[in-house]
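Residues per chain are reported as follows:
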Amino acid sequence: MRKCSLSEMNKVFARIASAQKLYLPVDGEAGAEYKLWEEGTEWSNALNTVKSPKDFFFPQLENLMEFKVTGKSIEVIDTRKASEDFVVFGVRACDVKSFEVLDRVFLVDPVDSYYATRREHGTIVSLACTRPTETCFCRTFGIDATEPQGDVVTWKTETQLFFEAKTQKGQAFMSLIEDLTEECDGSEVEAQKEKTGKILARLPLANLSADAFGADKTDKFFNAPEWKTLSEACLGCGTCTFVCPTCQCYDIKDFSTGSGVVRFRCWDSCMYSDFTKMAHGNPRLTQLERFRQRFMHKLVYYPTNNDGMFSCVGCGRCLSSCPISMNIVKVMKTLGDKADD
């Protein structure tokens, strides 16, 4: 383990940025967001960013290819360029776990080469939490906010930042800044982890359990009458899906440029009335059906197809962003209590 004084972190950032693009959380008008580091950029102290860092691997808007039309012939143009290496710095444990959820969608056959290329070129530097808030419930899904995953894991105290490489990418990252850091025994990190653990144990959602949910529970929950009451107030705005680090739905569209066609994909939401609309119509016609789809996928469908892993990471973004305060926690408490009856 190595450490660096917080007062010297701009030197560390400058060294990293000289070798590859560096992105880190920066305070903005709407809250913290990931920005490209440049001299003078100040690293945010916010617990988490408003939008998750999944954008780096699964962009909100992405050109896939172009078609050049000449008479009756069509030329398919691959618009992809070799990705540059980049670093995403300060990723919290919940968001790092979300990459594993996305990997199980985009890196299985047929592999999404756009996503795979970005994963290959990206280095994740995670940051352990020290000030979790009342909307946090990552421990419900087995995530340790004091011990995140990542290529490099960091811990922040009042005066120091501690680093520990976990992968080959992480070792390459640390070799880049070796002369700016010093070896240490990590005792301060253990003290910090213990302190944060006590905070986590006192959070309002510390005892929230997902035990009632998981693989092969479709029959138990699909026709539950509680869905009607739960979904009644939902506006179908899709805010929860756009801030969620694990939502992976997208739409593919073609746009005419006048001389050809650009095919692109963009995030979509299962909460929208026109989601998966086909020639004959929409398979989920009511807001209840759309609402149920979102939460059944998080808590039942995804675990059924992914060795029991849930596709919620307890980041709390949907709790703080939903305009009518309807979220996965209320669903879990309502249906979880039903399962115990």
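**Focus on the overall build of the protein chain**
Helix and strand counts for the protein chain come out as 11 helices and 12 strands. Taking 20 Å as the expected radius of gyration for a compact globule of 341 residues, we find that the protein chain reaches 22 Å, a close match to that expectation. In terms of principal-axis extent, the alpha carbons of the protein chain reach across some 65 × 65 × 35 Å. Burial status across the protein chain gives 49% buried among its 341 residues. Relative to all contacts within the protein chain whose residues are 6 or more apart in sequence, the contacts with residues 24 or more apart total 71%. Of the roughly 17,100 Å² that the protein chain leaves accessible, carbon and sulfur atoms contribute 49%. Separation between the mean location of the 42 positive side-chain charges and that of the 48 negative ones in the protein chain comes to 4 Å.

**Comments concerning the layout of surface pockets**
If you add up the space inside the largest pocket, you get close to 360 Å³. Around the largest pocket, the lining is made up of 16 residues, and of these Thr130, Lys156, Thr157, Glu158 and Gln192 lie nearest the centre. Per-element tally for the lining of the largest pocket: the top contributor is helix H5 (residues 187–202), with 4 residues. Here the residues of the lining of the largest pocket are counted per class, giving 5 nonpolar, 5 polar and 6 charged.

**Observations concerning the nonpolar core**
Ranked by internal contacts, the top residues of the largest apolar core, which has 33 residues, are Phe137, Trp227, Phe291 and Ile328. Counting only elements with at least two residues in this core, the list comes to helix H7 (226–231), helix H9 (287–305), helix H10 (317–321) and helix H11 (328–340). Examining the composition of this core, we find that 6 residues originate from one element, H9, more than from any other. Setting aside its immediate chain neighbours within four residues, Phe291 contacts Trp227, Leu230, Ser231, Cys234, Met271, Met326 and Val331. Formed by 19 residues, the second largest nonpolar core is a distinct cluster that contains Cys4, Leu22, Leu161 and Phe173.

**A closer look at unusual backbone geometry**
Following Asp109, the chain continues to Pro110 via a peptide bond in cis, the omega torsion being -5°. Mapping Pro110 onto the fold places it in the loop between helix H2 (93–106) and helix H3 (113–121). With a phi close to 55°, Asp307 is a non-glycine residue in the positive phi region. In this fold, Asp307 is placed in the loop between H9 and H10.

**Re the sheet that holds strand S5 (residues 73–78)**
Strands pair in a sheet through their backbones, by hydrogen bonds, and they do so in one of two ways: parallel or antiparallel. One open sheet accounts for 4 strands, arranged S5-S4-S12-S11; its pairing is antiparallel. The outermost strands of the open sheet, each flanked by one partner alone, are S5 and strand S11 (250–256). Across this sheet, the average inter-strand angle for adjacent strands is 25°, counted without regard to direction. Examined bridge by bridge, S11 and strand S12 (residues 260–267) share 7 bridges and lie antiparallel to one another. When the bridges of S12 are listed, Tyr250 appears paired with Trp267. In this fold H3 packs onto strand S4 (61–70) and S12, with an angle of close to 130° to the strand it touches most, S4.

**Focus: the pairing of strand S1 (residues 2–5)**
Inspection of the sheet shows S1 paired to strand S9 (residues 160–165) by 4 bridges, in the antiparallel sense. Note on S9: the bridge partner recorded for Arg2 is Phe163.

**Overview of the packing of aromatic side chains**
Applying the stated criterion to the full structure yields 22 aromatic pairs. Ring geometry for Phe57 versus Tyr115: centroids 6.4 Å apart, planes at 65°, classification edge-to-face. One end of the pair, Phe57, is in the loop between strand S3 (31–36) and S4; the other, Tyr115, is in helix H3, with 58 residues separating them in the sequence. Here the two residues Phe57 and Tyr115 agree in accessibility, since each one is buried. Geometry around Tyr114 places Arg80 over its ring, the cationic atom sitting 4.5 Å from the centre. Across the ring face of Phe222, the terminal group of Arg292 is positioned such that the distance to the ring centre comes to 3.7 Å.

**Observations regarding a nonpolar patch on the surface**
Taken together, the side chains of Val69, Ile74 and Val76 make up a nonpolar region of the molecular surface, amounting to roughly 280 Å² of accessible area. As for its position among the elements, Val76 is in strand S5. A residue is classified by how much of its surface remains accessible, and Val76, at 54% relative accessible area, is exposed.

**As for the environment of Val125**
Mapping Val125 onto the fold places it in strand S7 (residues 122–127). When the C-alpha positions of Val125 and Pro148 are compared, they lie 9.6 Å apart, and in sequence the two are 23 residues distant. For Val125, the contacting residues outside a window of four places in its chain are Val87, Val88, Phe89, Gly90, Val91, Val152, Thr154 and Phe173.

What counts, and at which threshold
Residues numbered from 1 in each chain as written. Predicted model: local features only at pLDDT ≥ 70, side-chain atom pairs only at ≥ 80, totals over all residues. Heavy atoms only, no water. Helix = DSSP H or I, 4+ residues; strand = E, 2+ residues; numbered from the N terminus. Rg over C-alpha atoms; globule rule 2.2 N^0.38 Å. Buried < 20%, exposed > 50% of the residue type's maximum accessible area, 1.4 Å probe, protein only. Contact = heavy atoms within 4.5 Å. Areas by Shrake-Rupley, 256 points an atom, 1.4 Å probe, with all protein chains shown as cover. Lys, Arg positive; Asp, Glu negative; His and termini not counted. Charge placed at Lys NZ, Arg CZ, Asp CG, Glu CD. 1 Å grid on protein atoms, 1.4 Å probe; cavity = no way out; pocket = protein on both sides within 12 Å on 5 of 7 lines; lining within 4 Å. Points joined across faces, edges and corners; volume = space filled by probe spheres on them. Nonpolar A, V, L, I, M, F, W, Y, C, P; charged D, E, K, R; others polar. Core = buried A, V, L, I, M, F, W, Y, C linked by side-chain atoms within 4.5 Å. Pairing = 2+ DSSP bridges. Axes fitted to C-alpha atoms, helices over the stretch in contact; angles between N-to-C directions. Phe/Tyr/Trp six-rings, centres within 6.5 Å; stacked < 30°, edge-to-face > 60°. Lys NZ or Arg CZ within 6 Å of the ring centre and 35° of its normal. Patch = residues over 30% accessible without salt bridge, like charges linked within 9 Å, V, L, I, M, F, W, Y side chains within 5 Å. Salt bridge = Lys/Arg side-chain N within 4 Å of Asp/Glu carboxyl O.

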